[in-house]
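Residues per chain, in single letters:
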Amino acid sequence: MALTPTKKRSKRGRFIVLGVVVALLVVCGGGIALLVANNGGDEATPAQPATENGQDGQEDAMPGIGDEARDGLFAFTVTDVETGATEVGDEFFNESAQGEFAIVHLAVENIGDVPKPFMDDEQRLFTADGNEYSADTAADLYLNEDGSALYEEINPGNKIDVQIAFDVPEGAELSTIELHDSFLSDGVTVALK
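Remember, predicted model here, so these are calculated numbers, not experimental data.

A. Inspection of the environment of Asn-110 at higher detail. Its place among the elements puts Asn-110 in strand β3 (residues 94-110). Along the sequence, Asn-110 and Asn-155 sit 45 residues apart, while their C-alpha atoms lie 6.4 Å from each other. Excluding residues within four positions of it along the chain, Asn-110 makes contact with Leu-73, Phe-74, Pro-115, Lys-116, Ile-154, Asn-155, Pro-156, Gly-157 and Asn-158.

Right, dumping it as structure tokens:
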């Protein structure tokens, strides 16, 4: 009879140890996943430039057209936005929009210490109604004859200027663009109005 309580304590102790081990694995695994998702395994993300806080301790203002916005190894600046074009290219080689093209002019600077590729298909445009739009790679070929919007390796300290087309419904109200240095990065949101 004296062995029964000892066995019960032994089983209970095993369950407690097992629970602690599982908890540690979840916490450590989540930390590793967060680290990888944060920047795609690249160098540490440089700090976003500080902006002034709003009144009463409100969050920092969202960057807009002309403001630098950083994600990972890239500093992005939206320099202009054009709307209304239904075709890009020339009379022989062109791409037509299903609706109309919203063309975002973008400066991309590598602020890291290693080369990093920029790709148009990692960028997302959002309209005021919350719809998400991907870049139109075929249109981007005509807007960037050197192919820089599709895939351009940018060395540290260098900058490129690209145009990215998004096929949106006619008259769509543009809201924001989400810019990424890689498909695994958190991205940074820039207001387009």
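B. Molecular detail of the sheet that holds strand β8 (residues 159-168). Pairing is antiparallel across the open sheet formed by 4 strands, whose spatial order is β1-β2-β3-β8. This sheet does not close on itself; its edge strands, each paired only once, are β1 (68-71) and β8. With strand direction ignored, the average angle separating the axes of adjacent strands in the sheet is 40 degrees. Direction of pairing for β1 relative to strand β2 (residues 74-89): antiparallel, over a ladder of 4 bridges.

C. Examining the environment of Val-108 more closely. Relative to the assigned elements, Val-108 resides in strand β3. With sequence-adjacent residues up to four places away left out, Val-108 is seen in contact with Phe-74, Ala-75, Phe-76, Phe-118, Ile-154, Asn-158, Lys-159 and Ile-160.

Reading the values: the criteria
Residues numbered from 1 in each chain as written. Predicted model: local features only at pLDDT ≥ 70, side-chain atom pairs only at ≥ 80, totals over all residues. Heavy atoms only, no water. Helix = DSSP H or I, 4+ residues; strand = E, 2+ residues; numbered from the N terminus. Contact = heavy atoms within 4.5 Å. Pairing = 2+ DSSP bridges. Axes fitted to C-alpha atoms, helices over the stretch in contact; angles between N-to-C directions.

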